[in-house]
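So the chains spell out like this:
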Amino acid sequence: MMGDLMWILVSAMVVNNFTLVLFLGLCPFMGVSGRIETALRMGAANIFVLTITSICAWFLNTFILPHAPYLRLISFIVVIASLVQIVEMVIKKVSPTLFRQLGIYLPLITTNCAILGLAIFQTNRGYGFWQGLFFAVGAGLGLTLALVLMASIRENTELAEIPDLARGTALVLIIAGSLSLAFMGFAGLLSST
Amino acid sequence: MTPPTPPTERPNVAAGRLLATLAGAGAVAGLLIVFVFGWTQPTIQAYKARMLQEAVYEVLEAPDHYDTLYAYAGVLHDSPPPGVGPRDKGLEIVYHGYRTDGTSIGYAIPAGEPGFQDVIRLIFGYDPETGTILGMKVLESKETPGLGDKIEKDQDFVSQFQGAGSPLKGMKARDVTGTDPHEVAMITGATISSRAVIRIINNALERLQPAFQSSVAERIP
Amino acid sequence: MKETTRQADFLRGVWRENPVLVQMLGLCPALAVTNTVANSIAMGVATFFVLTGSSLLVSTFKRFVPHEVRISTYILVIATFVTIADMGLEAIVPTVHKALGAFVALIVVNCMILGRQEAFASKNPVGRSLLDAFGSGIGFMIAMLMMGSVREILGNGTFLGMSVFGSSFEPWVIFALPPGGFLTLGFLLLALSWVQRKRALNAAIREWPEGVAQRRTA
């Protein structure tokens, strides 16, 4: 059981990294500035929302949706939007400094395909409670990893000599392509003999 | 182009009106979806049934009919045992193929485990009376195109499973003696994916042996 | 004058404000499902359907939707059409549906669709909203087609399954894989901004007096 769960976590984190392999969560990824601190905060917020989403999705899939499978997408989206709203209000009350620091990022998480993507993948693969949880944590860690890597590379490219034709999104995409290429090396990481 | 209109003062809208709008939109949405669902479901279910049947027929040497059986706690049942839900980890579905005159051909067993990139799902045919594999078909795989995906595209690899003896032994291509029916040559350059296929089959058979033994014992008069 | 505005509504989304290549919206599907041309077209058609349907409904009922709940209502409408598109695809082309996987459902969070509702459909009559939706939808399909063609031809040696280079071609597999998606879009954007810059330079040169232009291009 534990081996199974570890595979799910490591697979979601590196082998099938949400951003660099599954193409989810690209909006924050493209927009992340060169500041590693911001990337870490964004990643942490994502891990938090992903974990709670996973639990909600499990709850919906187990108790409510078997009666109305066609309402899956709508119920997921409604839950995610409300979740982000609630999380925002809670953070605002509990820690106003954290709220200020996260700023615009929280509402952006709603349209972050990674959150909805997690709910859908979890459903398609039929994950139970613990599997879903490990999946969410692995995915969040993977997202954070990708964000931090991109932020630190961008920090360095600010000073590098790059033709300004390439600066901007084109450069970010090419960097992302190289990162994705590097992550391909993780395939087969946990395969037993 | 008309000049942009200045933002108008919005009167405070009653909460009731907001809720009514959302409820109304929700109701319309729900109705539309239910309608399309009813319209598409028959086609979708028919397609799934056809795909399953094709897979079962492919790995079982063309049976005339097949039954769906549920393996749970070492016994084969005709329907899921009471209290056991479809997601129960101990429940496995197998398909029993047989000819019109009642002779049993074997069981088609779907199984899946992580391969190189992601989970590989396959279905294979097995005859418990002789202990041989009757065929193998990969249903879903995300292995590397050109390398790992040979487990489904390389006919030489796939056809090895017909008549192979259980339990399977994966060998490197140069080590294959050709005399042992348990040997399966792995694909060069796709060792991990090949090994995964062999492992999936061996593990599934290990899990299902008790159920098969008890049903074979039942059938022998 | 009215004709020009209608034409502008349509053409705007197709190229000048192309949702993927210029506005950088809807990148997730653009990268994920463009590994073959067939998948790209299917995703383009599905998105077109969702966009048109949503714009139609939102524009028709815009008067009834209070400002405070507009985003939630738009998302509800979009999610409905996506669910319908998903079920429709599964019934009509099950193999394509399987290839697209979860990304059909992810059309819901494609910022392009919500953006068009907020920016245009909620403020304009039905006719113009439809034109706007058509334009953006076609622009999206064009971008998808461009990506899909490059990735399938280079990564598989085929176009829509038909071999392009003959059997001796060794496919550049990386383009069919995730890194290829990123690289293709990156280089595509690079090529486009290079073309744009050339055009802008040429246009600027035309405006300069003769002597200045000659000194600049020397």
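Quick notes on the rules
Residues numbered from 1 in each chain as written. Chains lettered and ligands numbered in written order. Predicted model: local features only at pLDDT ≥ 70, side-chain atom pairs only at ≥ 80, totals over all residues. Helix = DSSP H or I, 4+ residues; strand = E, 2+ residues; numbered from the N terminus. Rg over C-alpha atoms; globule rule 2.2 N^0.38 Å. Buried ≥ 20, exposed ≤ 12 C-beta atoms within 10 Å, placed from the backbone. Contact = placed C-beta atoms within 7 Å. Nonpolar A, V, L, I, M, F, W, Y, C, P; charged D, E, K, R; others polar. Expected span 1.5 Å × (residues − 1). Pairing = 2+ DSSP bridges. Axes fitted to C-alpha atoms, helices over the stretch in contact; angles between N-to-C directions. Parallel < 35°, antiparallel > 145°, perpendicular 65-115°, else oblique. Left-handed = near helix turned anticlockwise from the far one by under 90°. Core = buried A, V, L, I, M, F, W, Y, C linked by C-beta atoms within 7 Å. pLDDT = per-residue confidence, 0-100.

A few words on the overall build of chain B. Secondary structure assignment for chain B yields 4 helices and 8 strands. N-terminal to C-terminal, the α/β element order of chain B is α-β-β-β-β-β-β-α-α-β-β-α. Its C-alpha radius of gyration of 26 Å places chain B more than 25% over the 17 Å reference for a compact globule of 221 residues. When its C-alpha atoms are laid out on the principal axes, chain B stretches across 90 × 45 × 30 Å. When the 221 residues of chain B are sorted by exposure, 29% land in the buried category. Considering only residue pairs separated by 6 or more positions, chain B has 55% of its internal contacts joining residues 24 or more positions apart.

Before going further, it helps to examine the interface of chain C and chain A. The interface is formed by 30 residues belonging to chain C together with 30 residues belonging to chain A. For the side of chain C that touches chain A, the secondary-structure elements that each account for two or more residues are α2 (27–32), α4 (70–92) and α8 (178–207) of chain C. Sort the elements by how many residues they give to the side of chain C that touches chain A and α8 of chain C lands first, with 12 residues. Of the residues that constitute the side of chain C that touches chain A, the class distribution is 23 nonpolar, 6 polar and 1 charged.

In this section: the environment of Lys123 of chain C. On the secondary structure map, Lys123 of chain C appears in the loop between α6 (111–121) and α7 (126–156). Note: C-alpha distance between Lys123 of chain C and Leu76 of chain C (47 residues apart in sequence) is 18 Å.

What follows is about α8 of chain C. Across its 30 residues, α8 of chain C extends 44 Å between first and last C-alpha, which sits within 8% of the 44 Å expected from 1.5 Å per residue. Restricting attention to buried positions, one finds in α8 of chain C the residues Pro178, Pro179, Gly180, Gly181, Phe182, Leu183, Thr184, Leu185, Gly186 and Leu189 of chain C. Lining the buried residues of α8 of chain C we find α9 (169–183) of chain A together with α2 and α7 of chain C.

Residues and elements named next belong to chain B. Residue position: His182 is located in the loop between β7 (169–171) and β8 (183–185). The class for His182 is partly exposed, based on 15 C-beta atoms found within 10 Å. Along the chain, His182 and Pro63 lie 119 residues apart, while their C-alpha atoms are 24 Å from each other. Once you skip the residues sitting within four places of it in the chain, His182 turns out to touch Ala164, Gly165, Pro167, Leu168 and Lys169.

Taking 1.5 Å as the rise per residue, α7 of chain C with 31 residues should run 45 Å; its terminal C-alpha atoms sit 43 Å apart, in good agreement. Once α7 of chain C finishes, Gly157 of chain C follows within two positions and takes phi at roughly 75°, a positive value.

Our focus in this paragraph is the sheet that holds strand β4 (residues 104–114) of chain B. Residues and elements named next belong to chain B. Across the sheet, 6 strands lie side by side as β2-β1-β3-β4-β5-β6; this open sheet has antiparallel pairing. The sheet is open, and its two borders are formed by β2 (75–77) and β6 (132–140), each paired with just one other strand. Put simply, the sheet's adjacent strands are angled 30° from each other on average, direction ignored. Pairing between strand β3 (residues 92–98) and β4: 4 bridges, direction antiparallel.

Below, the discussion takes up the packing of α4 of chain C against α6 of chain C. All names here are of chain C. As a packed pair, α4 and α6 sit with axes 10 Å apart at the nearest point and diverge in direction by 130°. When the axis of α4 is compared with that of α6, the two are oblique. The hand of the α4/α6 crossing is right-handed. Contact residues: α4 offers Tyr74, Ile75 and Ile78, while α6 offers Ile113, Leu114, Gln117 and Glu118.

Residues and elements named next belong to chain B. Across the 9 residues that make up strand β5 (residues 119–127), a large majority, 7, are buried. Examined bridge by bridge, β4 and β5 share 8 bridges and lie antiparallel to one another. Considered in β5, the bridge of Ala108 is made with Gly125. In this structure, the hairpin formed by β4 and β5 is closed by a connection of 4 residues. Note that β5 and β6 share 7 bridges and pair antiparallel. Looking at β6, one finds that Ile123 is bridged to Lys137. Here β5 folds back onto β6, and the loop between the two strands holds 4 residues, one of which, Gly131, carries a positive phi near 70°.

Judged by nonpolar contacts, the single largest core of 154 residues is most densely connected at Leu116 of chain A, Ile109 and Phe124 of chain B together with Ile78, Val82 and Val108 of chain C. Apart from the residues lying within four places of it in its own chain, the contact partners of Ile78 of chain C are Val50, Ser54, Val108, Ile113 and Leu114 of chain C.

Here we come to the interface of chain A and chain B. Counting residues at the interface gives 10 residues for chain A, matched by 11 residues for chain B. Split by residue class, the side of chain A that touches chain B holds 6 nonpolar, 4 polar and no charged.

With that out of the way, let us pick up unusual backbone geometry. It is generally the case that most residues other than glycine have a negative phi and that most peptide bonds are trans. Of note, the bond from Ser166 of chain B into Pro167 of chain B is cis; its omega dihedral lies within 30 degrees of zero at -5°. Within the element layout of this structure, Pro167 of chain B appears in the loop between α3 (155–159) and β7. Despite not being glycine, Phe23 of chain A has its phi angle at roughly 60°, a positive value. Locating Phe23 of chain A in the fold gives a position in the loop between α1 (2–15) and α2 (26–31). Unusually for a residue other than glycine, Met24 of chain C sits at a positive phi of about 60°. Relative to the assigned elements, Met24 of chain C resides in the loop between α1 (2–16) and α2.

Turning our eyes to something else, we now look at the confidence of the model for chain A. Confidence along chain A averages 83 in pLDDT terms, with 91% of residues attaining 70 or more. Considering each helix and strand of chain A separately, the mean pLDDT is smallest for helix α6 (residues 105–110) of chain A, with a value of 66, and largest for helix α8 (residues 129–157) of chain A, with 91.

Another aspect to go through is the packing of α8 of chain A against α9 of chain A. All names here are of chain A. At a minimum axis distance of 11 Å, the contact between α8 and α9 shows a crossing angle of 125°. Between α8 and α9, the angle falls in the class oblique. For α8 against α9, the interelement crossing comes out right-handed. Where α8 approaches α9, its residues Ala146, Leu149, Met150, Ile153 and Thr157 are matched on the opposing element by Leu171, Ile175, Ala176 and Leu179. Class assignment for the residues of the contact of α8 with α9 results in 8 nonpolar, 1 polar and no charged.

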